[in-house]
Amino acid sequence: MNPFEAKPIRLESLFLDWNGMYPKPYDKHTVDPYTRTRVILMNGTEFEANWFLHQFSRHCDDNDVRRELAVIRRQEQQQQKLISLLKPTDETILEHTIGYEQLAVDLTAGLAQREPDAYVKSALDFALLEDFDHLYRYADLLDMESGVHAEDLVGHYTEVMPGRPTIAHHRYPMDSIKKHIHSASAALDTKLCVGIITAAEQQTMNFYMNVCGAYPNDRGRRLYQEIGMIEEQHVSQYGSLMDTNATWLECLLMHQYTECFLYASCMQTETDANIKRVWEQLYQQETAHLAAAARLLKKVEGKDYQQVVGEGTFPNPLSLHSNIDYVRGVLASSVQLTAVRESYGSIDELKPESDFFCYQNHINRDVNSVLSHSVIADHIREKGQDYRWETAPNPIPTLQNRKQDNVEVGRVPDSVLAGVSR
(Lines give C-alpha, C1' and ligand atoms only; values in the text may rest on other atoms or scores of the structure.)
Protein backbone atom coordinates (compact mmCIF):
# COMPACT_ATOMS: atom_id res chain seq x y z
CA MET A 1 0.00 0.00 0.00
CA ASN A 2 1.34 3.43 -0.99
CA PRO A 3 -0.53 6.45 0.48
CA PHE A 4 0.85 8.77 -2.21
CA GLU A 5 -1.22 6.86 -4.77
CA ALA A 6 -4.52 7.68 -3.00
CA LYS A 7 -6.99 9.86 -4.90
CA PRO A 8 -6.53 13.47 -3.73
CA ILE A 9 -9.22 14.83 -1.38
CA ARG A 10 -9.79 18.56 -0.84
CA LEU A 11 -8.82 19.49 2.72
CA GLU A 12 -11.83 21.78 3.05
CA SER A 13 -14.15 18.76 2.72
CA LEU A 14 -12.65 16.93 5.70
CA PHE A 15 -13.99 19.01 8.59
CA LEU A 16 -16.35 17.06 10.84
CA ASP A 17 -19.56 18.32 12.43
CA TRP A 18 -20.32 17.62 16.10
CA ASN A 19 -22.11 14.37 15.38
CA GLY A 20 -19.19 13.22 13.26
CA MET A 21 -16.83 13.86 16.18
CA TYR A 22 -18.90 11.83 18.67
CA PRO A 23 -18.50 8.12 17.86
CA LYS A 24 -20.00 5.01 19.36
CA PRO A 25 -17.54 3.83 22.05
CA TYR A 26 -16.41 0.26 22.48
CA ASP A 27 -17.96 -1.98 25.15
CA LYS A 28 -15.38 -2.43 27.90
CA HIS A 29 -16.84 -5.84 28.81
CA THR A 30 -16.45 -7.35 25.35
CA VAL A 31 -13.72 -5.31 23.69
CA ASP A 32 -10.63 -7.12 22.47
CA PRO A 33 -7.64 -5.83 24.49
CA TYR A 34 -5.82 -4.84 21.33
CA THR A 35 -8.76 -2.76 20.14
CA ARG A 36 -8.43 -0.79 23.38
CA THR A 37 -4.68 -0.42 22.87
CA ARG A 38 -5.10 0.67 19.25
CA VAL A 39 -7.44 3.41 20.43
CA ILE A 40 -4.83 4.57 22.94
CA LEU A 41 -2.07 4.40 20.33
CA MET A 42 -3.94 6.47 17.77
CA ASN A 43 -5.08 8.98 20.38
CA GLY A 44 -1.41 9.50 21.22
CA THR A 45 -0.46 9.69 17.56
CA GLU A 46 -3.00 12.45 16.96
CA PHE A 47 -1.87 14.32 20.07
CA GLU A 48 1.71 14.22 18.79
CA ALA A 49 0.52 15.53 15.41
CA ASN A 50 -1.25 18.45 17.09
CA TRP A 51 1.67 19.28 19.37
CA PHE A 52 4.16 19.13 16.50
CA LEU A 53 2.00 21.39 14.32
CA HIS A 54 1.73 23.98 17.09
CA GLN A 55 5.50 23.95 17.58
CA PHE A 56 6.11 24.20 13.83
CA SER A 57 3.80 27.19 13.57
CA ARG A 58 5.56 28.91 16.48
CA HIS A 59 8.89 28.56 14.69
CA CYS A 60 7.75 29.53 11.18
CA ASP A 61 7.82 33.10 9.82
CA ASP A 62 5.79 32.36 6.66
CA ASN A 63 2.09 33.03 7.30
CA ASP A 64 1.06 31.25 4.11
CA VAL A 65 2.61 28.08 5.49
CA ARG A 66 1.17 28.77 8.96
CA ARG A 67 -2.33 29.07 7.53
CA GLU A 68 -2.00 25.71 5.78
CA LEU A 69 -0.73 24.19 9.00
CA ALA A 70 -3.73 25.64 10.83
CA VAL A 71 -6.14 23.79 8.52
CA ILE A 72 -4.35 20.47 8.98
CA ARG A 73 -4.04 21.06 12.73
CA ARG A 74 -7.76 21.73 13.18
CA GLN A 75 -8.58 18.50 11.40
CA GLU A 76 -6.01 16.56 13.45
CA GLN A 77 -7.64 18.07 16.55
CA GLN A 78 -11.04 16.81 15.45
CA GLN A 79 -9.58 13.37 14.81
CA GLN A 80 -8.03 13.28 18.28
CA LYS A 81 -11.32 14.25 19.92
CA LEU A 82 -13.14 11.54 17.96
CA ILE A 83 -10.65 8.84 18.95
CA SER A 84 -10.53 9.84 22.61
CA LEU A 85 -14.30 9.35 22.85
CA LEU A 86 -14.07 5.75 21.68
CA LYS A 87 -13.28 5.08 25.35
CA PRO A 88 -16.58 4.34 27.14
CA THR A 89 -17.74 6.40 30.11
CA ASP A 90 -17.83 3.36 32.43
CA GLU A 91 -14.16 2.48 31.97
CA THR A 92 -12.33 3.72 35.07
CA ILE A 93 -9.02 5.56 35.13
CA LEU A 94 -7.22 2.48 36.45
CA GLU A 95 -8.85 0.12 33.96
CA HIS A 96 -7.83 2.46 31.15
CA THR A 97 -4.33 2.66 32.62
CA ILE A 98 -3.96 -1.10 32.29
CA GLY A 99 -4.60 -0.57 28.57
CA TYR A 100 -1.88 2.08 28.45
CA GLU A 101 0.68 -0.23 29.99
CA GLN A 102 -0.33 -3.23 27.89
CA LEU A 103 0.14 -1.03 24.84
CA ALA A 104 3.54 0.10 26.11
CA VAL A 105 4.66 -3.51 26.61
CA ASP A 106 3.37 -5.08 23.43
CA LEU A 107 4.03 -2.09 21.16
CA THR A 108 7.60 -1.77 22.41
CA ALA A 109 8.24 -5.51 22.16
CA GLY A 110 6.70 -5.62 18.69
CA LEU A 111 8.74 -2.68 17.42
CA ALA A 112 11.94 -4.10 18.91
CA GLN A 113 11.50 -7.37 17.02
CA ARG A 114 11.18 -5.60 13.68
CA GLU A 115 13.81 -2.91 14.31
CA PRO A 116 16.90 -3.22 12.04
CA ASP A 117 19.00 -0.65 13.96
CA ALA A 118 20.70 -2.34 16.93
CA TYR A 119 21.12 0.93 18.82
CA VAL A 120 17.42 1.84 18.55
CA LYS A 121 16.49 -1.74 19.48
CA SER A 122 18.59 -1.45 22.65
CA ALA A 123 16.57 1.62 23.68
CA LEU A 124 13.33 -0.27 23.14
CA ASP A 125 14.44 -3.33 25.08
CA PHE A 126 15.69 -1.16 27.94
CA ALA A 127 12.45 0.75 28.49
CA LEU A 128 10.33 -2.35 27.80
CA LEU A 129 11.21 -3.83 31.20
CA GLU A 130 10.15 -0.63 32.92
CA ASP A 131 6.71 -0.39 31.32
CA PHE A 132 6.31 -4.10 32.06
CA ASP A 133 6.88 -3.41 35.75
CA HIS A 134 4.50 -0.42 35.69
CA LEU A 135 1.74 -2.76 34.50
CA TYR A 136 2.36 -4.95 37.56
CA ARG A 137 2.23 -2.00 40.00
CA TYR A 138 -1.01 -0.59 38.59
CA ALA A 139 -2.54 -4.08 38.48
CA ASP A 140 -1.96 -4.53 42.21
CA LEU A 141 -3.58 -1.16 42.92
CA LEU A 142 -6.53 -2.11 40.70
CA ASP A 143 -7.01 -5.39 42.55
CA MET A 144 -6.96 -3.66 45.95
CA GLU A 145 -9.33 -0.86 44.98
CA SER A 146 -11.92 -2.66 42.88
CA GLY A 147 -11.21 -6.38 42.85
CA VAL A 148 -10.82 -6.23 39.05
CA HIS A 149 -8.12 -8.56 37.75
CA ALA A 150 -5.80 -7.06 35.16
CA GLU A 151 -5.35 -10.48 33.55
CA ASP A 152 -8.94 -10.21 32.31
CA LEU A 153 -8.37 -6.73 30.89
CA VAL A 154 -5.22 -7.79 29.03
CA GLY A 155 -6.92 -10.94 27.78
CA HIS A 156 -4.13 -13.20 29.08
CA TYR A 157 -1.97 -11.89 26.25
CA THR A 158 0.45 -9.99 28.49
CA GLU A 159 1.88 -11.29 31.76
CA VAL A 160 1.48 -9.28 34.96
CA MET A 161 4.55 -9.70 37.17
CA PRO A 162 7.60 -7.72 38.28
CA GLY A 163 10.05 -6.51 35.67
CA ARG A 164 12.92 -4.20 36.48
CA PRO A 165 11.45 -2.78 39.71
CA THR A 166 10.07 0.74 39.30
CA ILE A 167 12.18 2.06 42.17
CA ALA A 168 15.24 1.36 39.98
CA HIS A 169 13.96 3.51 37.11
CA HIS A 170 14.80 6.85 38.67
CA ARG A 171 17.92 8.09 36.88
CA TYR A 172 19.94 11.26 36.51
CA PRO A 173 18.37 13.31 33.64
CA MET A 174 21.53 13.44 31.53
CA ASP A 175 21.41 9.67 31.10
CA SER A 176 18.16 9.91 29.11
CA ILE A 177 19.80 11.60 26.11
CA LYS A 178 20.84 9.22 23.35
CA LYS A 179 22.43 9.47 19.89
CA HIS A 180 20.00 10.53 17.19
CA ILE A 181 19.40 8.66 13.97
CA HIS A 182 20.34 10.06 10.56
CA SER A 183 17.37 10.15 8.20
CA ALA A 184 19.51 9.94 5.09
CA SER A 185 20.83 6.51 6.07
CA ALA A 186 18.20 5.16 8.49
CA ALA A 187 15.80 2.48 7.30
CA LEU A 188 12.18 3.49 6.85
CA ASP A 189 11.22 1.04 9.62
CA THR A 190 13.61 2.84 11.98
CA LYS A 191 12.24 6.30 11.17
CA LEU A 192 8.70 5.04 11.69
CA CYS A 193 9.67 3.27 14.91
CA VAL A 194 11.22 6.34 16.53
CA GLY A 195 8.19 8.49 15.73
CA ILE A 196 5.66 5.87 16.83
CA ILE A 197 7.26 5.02 20.17
CA THR A 198 7.90 8.68 21.04
CA ALA A 199 4.25 9.55 20.43
CA ALA A 200 2.99 6.54 22.38
CA GLU A 201 5.18 7.20 25.42
CA GLN A 202 4.35 10.91 25.28
CA GLN A 203 0.65 10.06 25.40
CA THR A 204 1.24 7.91 28.47
CA MET A 205 3.22 10.69 30.12
CA ASN A 206 0.47 13.21 29.40
CA PHE A 207 -2.28 10.90 30.64
CA TYR A 208 -0.51 10.27 33.94
CA MET A 209 0.32 13.96 34.37
CA ASN A 210 -3.33 14.89 33.91
CA VAL A 211 -5.00 12.16 35.98
CA CYS A 212 -2.47 12.36 38.82
CA GLY A 213 -4.13 15.30 40.56
CA ALA A 214 -7.64 14.08 39.76
CA TYR A 215 -7.22 10.63 41.29
CA PRO A 216 -9.57 10.22 44.28
CA ASN A 217 -7.03 9.04 46.88
CA ASP A 218 -3.45 9.77 47.93
CA ARG A 219 -2.11 6.30 47.16
CA GLY A 220 -3.23 6.51 43.55
CA ARG A 221 -2.14 10.14 43.18
CA ARG A 222 1.35 9.31 44.36
CA LEU A 223 1.68 6.22 42.18
CA TYR A 224 0.68 8.18 39.06
CA GLN A 225 3.08 10.93 40.13
CA GLU A 226 6.01 8.53 40.38
CA ILE A 227 5.37 6.56 37.23
CA GLY A 228 4.52 9.76 35.33
CA MET A 229 8.05 10.99 36.13
CA ILE A 230 9.49 7.82 34.63
CA GLU A 231 7.37 8.18 31.50
CA GLU A 232 8.94 11.62 31.05
CA GLN A 233 12.33 9.89 31.07
CA HIS A 234 11.10 7.53 28.36
CA VAL A 235 9.87 10.44 26.24
CA SER A 236 13.26 12.12 26.66
CA GLN A 237 15.06 8.92 25.66
CA TYR A 238 12.95 8.16 22.60
CA GLY A 239 12.63 11.79 21.50
CA SER A 240 16.41 12.15 21.57
CA LEU A 241 16.63 9.41 18.93
CA MET A 242 14.88 11.64 16.37
CA ASP A 243 17.03 13.18 13.65
CA THR A 244 17.89 16.68 14.88
CA ASN A 245 19.04 17.73 11.40
CA ALA A 246 15.69 17.19 9.66
CA THR A 247 13.88 20.37 8.61
CA TRP A 248 10.45 21.28 9.94
CA LEU A 249 8.84 20.39 6.61
CA GLU A 250 10.66 17.09 6.38
CA CYS A 251 9.39 16.33 9.89
CA LEU A 252 5.88 17.36 8.84
CA LEU A 253 5.92 14.89 5.98
CA MET A 254 7.31 12.14 8.23
CA HIS A 255 4.60 12.79 10.82
CA GLN A 256 1.84 12.54 8.23
CA TYR A 257 3.36 9.46 6.65
CA THR A 258 3.60 7.81 10.08
CA GLU A 259 -0.07 8.53 10.75
CA CYS A 260 -1.02 7.02 7.41
CA PHE A 261 1.05 3.92 8.16
CA LEU A 262 -0.55 3.45 11.57
CA TYR A 263 -4.11 3.93 10.33
CA ALA A 264 -3.43 1.47 7.52
CA SER A 265 -2.06 -1.01 10.08
CA CYS A 266 -5.13 -0.52 12.28
CA MET A 267 -7.44 -1.04 9.32
CA GLN A 268 -5.78 -4.35 8.53
CA THR A 269 -5.65 -5.70 12.09
CA GLU A 270 -8.83 -4.34 13.74
CA THR A 271 -11.45 -6.89 14.82
CA ASP A 272 -14.23 -4.46 15.83
CA ALA A 273 -16.26 -3.56 12.72
CA ASN A 274 -17.43 -0.20 14.08
CA ILE A 275 -13.94 0.95 15.01
CA LYS A 276 -12.46 -0.42 11.80
CA ARG A 277 -14.72 2.04 9.95
CA VAL A 278 -13.21 4.84 12.04
CA TRP A 279 -9.69 3.81 11.03
CA GLU A 280 -10.72 3.66 7.37
CA GLN A 281 -12.26 7.14 7.56
CA LEU A 282 -9.23 8.66 9.25
CA TYR A 283 -6.81 6.95 6.87
CA GLN A 284 -8.48 8.72 3.98
CA GLN A 285 -8.19 12.04 5.77
CA GLU A 286 -4.51 11.45 6.53
CA THR A 287 -3.67 10.72 2.91
CA ALA A 288 -4.95 14.24 2.14
CA HIS A 289 -2.77 15.68 4.93
CA LEU A 290 0.20 13.74 3.56
CA ALA A 291 -0.40 15.12 0.06
CA ALA A 292 -0.54 18.65 1.50
CA ALA A 293 2.73 18.07 3.36
CA ALA A 294 4.37 16.83 0.16
CA ARG A 295 3.17 19.93 -1.71
CA LEU A 296 4.57 22.23 0.98
CA LEU A 297 7.90 20.41 1.02
CA LYS A 298 8.19 20.82 -2.77
CA LYS A 299 6.99 24.43 -2.81
CA VAL A 300 9.09 25.78 0.07
CA GLU A 301 12.23 23.61 0.05
CA GLY A 302 12.19 22.24 -3.51
CA LYS A 303 12.34 18.66 -2.23
CA ASP A 304 10.38 15.59 -3.33
CA TYR A 305 8.75 13.36 -0.76
CA GLN A 306 10.96 10.50 -1.96
CA GLN A 307 13.91 12.25 -0.28
CA VAL A 308 12.21 11.63 3.08
CA VAL A 309 10.37 8.28 2.77
CA GLY A 310 11.62 6.75 -0.46
CA GLU A 311 9.02 5.66 -2.99
CA GLY A 312 6.39 5.49 -0.25
CA THR A 313 5.18 1.89 -0.05
CA PHE A 314 4.46 0.94 3.55
CA PRO A 315 6.51 -1.73 5.34
CA ASN A 316 4.60 -4.70 6.76
CA PRO A 317 1.71 -3.51 8.94
CA LEU A 318 2.30 -3.01 12.64
CA SER A 319 0.42 -5.65 14.61
CA LEU A 320 -0.29 -5.59 18.34
CA HIS A 321 -0.07 -9.10 19.72
CA SER A 322 1.21 -11.22 22.62
CA ASN A 323 4.96 -11.10 23.27
CA ILE A 324 5.29 -13.19 26.43
CA ASP A 325 8.39 -15.16 25.39
CA TYR A 326 10.18 -12.10 24.05
CA VAL A 327 9.58 -10.06 27.20
CA ARG A 328 10.77 -12.94 29.36
CA GLY A 329 13.98 -13.18 27.35
CA VAL A 330 14.73 -9.47 27.69
CA LEU A 331 13.98 -9.60 31.41
CA ALA A 332 16.29 -12.56 31.95
CA SER A 333 19.19 -10.93 30.09
CA SER A 334 19.04 -7.25 31.05
CA VAL A 335 17.22 -6.63 34.34
CA GLN A 336 20.39 -5.12 35.89
CA LEU A 337 20.94 -2.57 33.12
CA THR A 338 20.65 1.17 33.62
CA ALA A 339 21.20 4.12 31.30
CA VAL A 340 24.71 5.58 31.19
CA ARG A 341 24.81 8.71 29.00
CA GLU A 342 24.41 7.56 25.36
CA SER A 343 24.68 3.88 26.27
CA TYR A 344 23.53 1.33 28.84
CA GLY A 345 25.51 -0.55 31.46
CA SER A 346 25.09 -3.03 34.27
CA ILE A 347 24.79 -1.52 37.73
CA ASP A 348 27.03 -4.38 38.86
CA GLU A 349 29.88 -2.56 37.11
CA LEU A 350 29.13 1.09 37.96
CA LYS A 351 31.39 3.02 40.30
CA PRO A 352 29.83 3.99 43.65
CA GLU A 353 30.16 7.70 42.77
CA SER A 354 28.26 7.31 39.47
CA ASP A 355 25.34 9.62 38.71
CA PHE A 356 22.92 6.70 38.95
CA PHE A 357 23.79 5.86 42.55
CA CYS A 358 24.00 9.52 43.59
CA TYR A 359 20.56 10.24 42.17
CA GLN A 360 19.08 7.06 43.64
CA ASN A 361 20.46 7.90 47.08
CA HIS A 362 18.90 11.35 46.87
CA ILE A 363 15.42 10.67 45.52
CA ASN A 364 14.90 7.23 47.09
CA ARG A 365 16.56 7.90 50.43
CA ASP A 366 13.43 6.59 52.19
CA VAL A 367 12.50 3.42 50.32
CA ASN A 368 9.19 3.11 52.17
CA SER A 369 8.03 6.47 50.80
CA VAL A 370 8.38 5.22 47.21
CA LEU A 371 4.80 4.43 46.16
CA SER A 372 5.68 1.85 43.53
CA HIS A 373 7.14 -0.17 46.40
CA SER A 374 4.58 0.59 49.10
CA VAL A 375 1.60 -0.23 46.87
CA ILE A 376 2.91 -3.80 46.57
CA ALA A 377 3.68 -3.91 50.29
CA ASP A 378 0.08 -2.79 50.94
CA HIS A 379 -1.28 -5.55 48.72
CA ILE A 380 0.85 -8.15 50.52
CA ARG A 381 -0.37 -6.93 53.91
CA GLU A 382 -4.02 -6.92 52.82
CA LYS A 383 -4.12 -10.16 50.83
CA GLY A 384 -1.13 -12.17 51.94
CA GLN A 385 0.75 -11.90 48.62
CA ASP A 386 1.05 -9.66 45.60
CA TYR A 387 -1.24 -9.83 42.56
CA ARG A 388 0.33 -11.24 39.42
CA TRP A 389 -0.58 -13.38 36.43
CA GLU A 390 2.24 -15.55 35.11
CA THR A 391 2.55 -18.39 32.63
CA ALA A 392 5.64 -19.64 34.53
CA PRO A 393 7.79 -18.43 37.43
CA ASN A 394 9.54 -15.10 36.93
CA PRO A 395 12.84 -15.69 35.05
CA ILE A 396 14.67 -13.70 37.75
CA PRO A 397 14.73 -15.91 40.87
CA THR A 398 14.88 -12.91 43.23
CA LEU A 399 11.62 -11.62 41.74
CA GLN A 400 9.68 -14.84 42.36
CA ASN A 401 8.84 -14.08 46.00
CA ARG A 402 5.18 -13.05 46.16
CA LYS A 403 5.31 -12.09 49.84
CA GLN A 404 8.07 -9.49 49.67
CA ASP A 405 8.56 -6.69 47.15
CA ASN A 406 12.13 -6.57 45.88
CA VAL A 407 13.69 -3.08 45.95
CA GLU A 408 17.25 -4.11 45.11
CA VAL A 409 17.12 -5.67 41.63
CA GLY A 410 18.15 -3.05 39.08
CA ARG A 411 19.57 -0.67 41.70
CA VAL A 412 21.88 -2.65 44.00
CA PRO A 413 25.02 -4.34 42.59
CA ASP A 414 24.96 -8.15 42.55
CA SER A 415 21.36 -8.28 43.80
CA VAL A 416 20.45 -10.76 41.06
CA LEU A 417 23.54 -12.89 41.55
CA ALA A 418 22.74 -13.16 45.24
CA GLY A 419 19.83 -15.39 44.34
CA VAL A 420 17.65 -14.25 47.23
CA SER A 421 15.65 -11.17 48.09
CA ARG A 422 17.21 -9.42 51.04
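Fair warning: this is a prediction, and the values are worked out from it, not measured in the lab.

Reading the values: the criteria
Residues numbered from 1 in each chain as written. Predicted model: local features only at pLDDT ≥ 70, side-chain atom pairs only at ≥ 80, totals over all residues. Heavy atoms only, no water. Helix = DSSP H or I, 4+ residues; strand = E, 2+ residues; numbered from the N terminus. Contact = heavy atoms within 4.5 Å. Phe/Tyr/Trp six-rings, centres within 6.5 Å; stacked < 30°, edge-to-face > 60°. Buried < 20%, exposed > 50% of the residue type's maximum accessible area, 1.4 Å probe, protein only.

J.: Which residues make up the environment of I196, and what values go with them?
T.: Summarising the element assignment, I196 is placed in helix α6 (residues 188-212). With near-sequence residues (within four places) excluded, I196 lies in contact with L41, L107, L111, T258, F261, L262 and L318.

J.: Let's hear about the packing of aromatic side chains: which residues, and what values?
T.: Summed over all chains, the structure comprises 19 aromatic pairs. Both rings, one in F207 and one in Y208, keep their centres 5.9 Å apart while their planes meet at 50°; by these two values the pair is tilted. Ring geometry for Y263 against W279: centres 6.0 Å apart, planes inclined by 40°, an arrangement best described as tilted. Of this pair, Y263 sits in helix α8 (residues 248-269) while W279 sits in helix α9 (residues 273-301), placing them 16 residues apart in sequence. The exposure class assigned to W279 is buried, which follows from its relative accessible area of 0%.

J.: Just give me the short version of the side chain of Q203, but keep the residues and values in it.
T.: Position of Q203 among the secondary structure elements: in helix α6. When near neighbours in sequence (up to four residues on either side) are disregarded, Q203 contacts I40, N43, G44, F47 and Y100.

J.: Give a detailed account of the environment of T92, specifying residues and quantitative values.
T.: For T92, the position within the fold is in the loop between α2 (63-84) and α3 (93-114). Through-space distance from the C-alpha of T92 to that of E280 is 28 Å; in sequence the pair is 188 residues apart.

J.: A description of unusual backbone geometry should follow, citing residues and the corresponding values.
T.: At H156, a position not held by glycine, the phi torsion is positive, near 60°. Counting through the fold element by element, H156 comes out in the loop between α5 (150-153) and α6. Classification of H156 as partly exposed rests on a relative accessible area of 36%. At D414, a position not held by glycine, the phi torsion is positive, near 65°. Following the sequence through the fold, D414 ends up in the segment after α13 (371-383). Take D414: its relative accessible area is 39%, and that puts it in the partly exposed class.

Read these as geometric descriptors, not functional statements.
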